[in-house]
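Structural overview for review
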Amino acid sequence: MSTTTAVPVIPAPATAPRPPSPAPRNPVGAHVPVAARGLAGTGLAYARRVGAETVQVFVANPRGWATPTGNPAQDEEFRAACAELAIPAYVHAPYLINFGSDTPATRERSAASLRHSLRRGHAIGALGVVLHTGSAVGAAPDGGSRRAEAMAQVRADVRPLLDELDALGDDAPWLLLEPTAGQGRSLCSRMEDLAEYLDALDGHPKVGVCLDTCHAFAAGHDLAAPGGVRETLDALVAAAGADRLRLIHANDSEDAVGARKDRHANIGDGLIGAEPFRELFEHPATAGVPLIVETPDRKHGGDGTGHARDITALKALRARAAARPA
């Protein structure tokens, strides 16, 4: 196991302005807390503490259906600060959303929850809203799979929300589909599943993909094997298109490949290992795509130490990738 790295110290700004540094090929950051002092006061302060170049936030309780109203002043403060610091921001929609459910009330609440995340994402200047792709809960009348019915529900429920997204204008966030780890009757866990999901949404131009490395590994894509990262990303591009990958959740895995268990580990401490994350930085499909860590922090004290360590590790791997001959 890697030893814990001290939280980076953020230097005080110089008195004279400095020319902006070139943006990295892949900004590296973390999912940040926003309780207490809000998006900017808590979220961006945490980002500075852990050395994040990009952030992801919740705008509602991730395990509930509430759709809280935002604070316009805090929203503008966060949006302006992210623009000034060149920090791309993303929203993760609540986990309860499932358009494949056989319960009408769940589908209705899912639509309201995703609508809220998209609108709040737009208000804070987020580039994308991440949505877990859900599962075909329940059984068909003949006892078989509800997959076809569930995919029809995805189309019926999400397509109107995309029309609403279009109405927000050119600066509306992307809807980013995050394939799951393959638990239960998952609608989309393997990269090839993305083709059917995107087809259900008419290939809408503002629908992209968020690749979670732990989920992909759990679903059977062996990122730890030689060439595994390249094969996985090639499969993603073949199914979704070269320009759909918009965000990566960089998480190691506590469980073996194909285990269908979503248990994240710190970078290099799990069964994926550190080197495959270097390969992520080298594939053409990841050019310009930010990486967000959702790795365990509480076991490191819950003060950002674990996230700072993982961000430092990813930045070192990014530098190694950049130094390799083309």
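Higher on the page you've got the structure.
This is a predicted model, so every value here is computed, not measured.

Quick notes on the rules
- Residues numbered from 1 in each chain as written.
- Predicted model: local features only at pLDDT ≥ 70, side-chain atom pairs only at ≥ 80, totals over all residues.
- Heavy atoms only, no water.
- Buried < 20%, exposed > 50% of the residue type's maximum accessible area, 1.4 Å probe, protein only.
- Helix = DSSP H or I, 4+ residues; strand = E, 2+ residues; numbered from the N terminus.
- Pairing = 2+ DSSP bridges.
- Right-handed = clockwise from strand over helix to strand, strands pointing away.
- Contact = heavy atoms within 4.5 Å.
- Axes fitted to C-alpha atoms, helices over the stretch in contact; angles between N-to-C directions.
- Expected span 1.5 Å × (residues − 1).
- Phe/Tyr/Trp six-rings, centres within 6.5 Å; stacked < 30°, edge-to-face > 60°.
- Arc of directions from axis to C-beta.

Some details on the pairing of strand β4 (residues 128-132)
With 5 of 5 residues buried, β4 lies mostly within the body of the structure. With burial as the criterion, each face of β4 is covered, one bearing G128, V130 and H132 and the other bearing V129 and L131. Note: strand β3 (residues 89-92) against β4, 3 bridges, orientation parallel. Considered in β4, the bridge of V91 is made with V129. For the handedness criterion, the β-α-β arrangement of β3, helix α3 (residues 104-123) and β4 is classed as right-handed. Two elements, β4 and strand β5 (residues 174-178), share 5 bridges in a ladder whose sense is parallel.

Some details on the environment of A256
Its place among the elements puts A256 in the loop between β8 (252-253) and β9 (264-265). A relative accessible area of 42% means that A256 is categorised as partly exposed. Considering only alpha carbons, one finds A256 and P22, 234 residues apart in sequence, at a separation of 38 Å. Beyond its immediate chain neighbours, meaning those up to four positions away, A256 contacts F217 and L271.

Focus: the sheet that holds strand β7 (residues 245-249)
The parallel closed barrel is built from 8 strands, whose spatial order is β1-β2-β3-β4-β5-β6-β7-β10. The average undirected angle you get between the axes of adjacent strands in this sheet is 30°.

Quick notes on helix α9 (residues 305-323)
Under the 1.5 Å per step criterion, the end-to-end length of α9 is 27 Å for 19 residues, consistent within 8% with the ideal 27 Å. Within the span of α9, buried status applies to T305, G306, H307, A308, R309, D310, I311, L314, L317, R318 and A321. Against β1 (28-31), α1 (38-50), α8 (275-280) and β10 (291-293) lie the buried residues of α9.

What to know about the packing of aromatic side chains
Two measures describe an aromatic ring pair: the distance that separates the ring centres and the angle between the ring planes. For the structure on display, the rule yields 1 aromatic pair. Where F58 meets Y95, the ring centres are 5.7 Å apart and the plane angle is 85°; that geometry is what we call edge-to-face. With F58 in the loop between β2 (55-57) and α2 (72-85) and Y95 in the loop between β3 and α3, the pair connects residues that are 37 residues apart, well separated along the chain. Judged by its relative accessible area of 18%, F58 falls in the buried class. A relative accessible area of 33% means that Y95 is categorised as partly exposed.

Remarks on the pairing of β5
Summarising burial for β5: 5 of the 5 residues are buried, a large majority. Burial of the side chains of β5 extends over both faces: W174, L176 and E178 are buried on one face and L175 and L177 on the other. Two elements, β5 and strand β6 (residues 207-212), share 3 bridges in a ladder whose sense is parallel. In the sheet register, L177 faces β6, and the bridge partner there is V209. Regarding the hand of the β-α-β motif, the stretch spanning β5, helix α5 (residues 193-200) and β6 is right-handed.

Comments concerning unusual backbone geometry
Residue D202 is not a glycine yet carries a positive backbone phi of 60°. Checked against the element boundaries, D202 lands in the loop between α5 and β6. With a relative accessible area of 41%, D202 lands in the partly exposed category. A positive phi angle, close to 55°, is found at R260, a residue other than glycine. Following the sequence through the fold, R260 ends up in the loop between β8 and β9.

Observations concerning α5
Quick reminder: α-helices carry 3.6 residues per turn. Residues three or four places apart thus point the same way. All buried positions along α5 are accounted for by D193, L194, Y197, L198 and A200. Down the axis, α5 shows its buried residues gathered within 155° of arc, on one side only. Buried-residue contacts for α5 involve α4 (147-167), β5, β6 and α7 (228-240). The first or second residue beyond α5 is D202, which carries a positive phi of 60°.

Bear in mind that shape data such as this cannot, by itself, settle questions of function.
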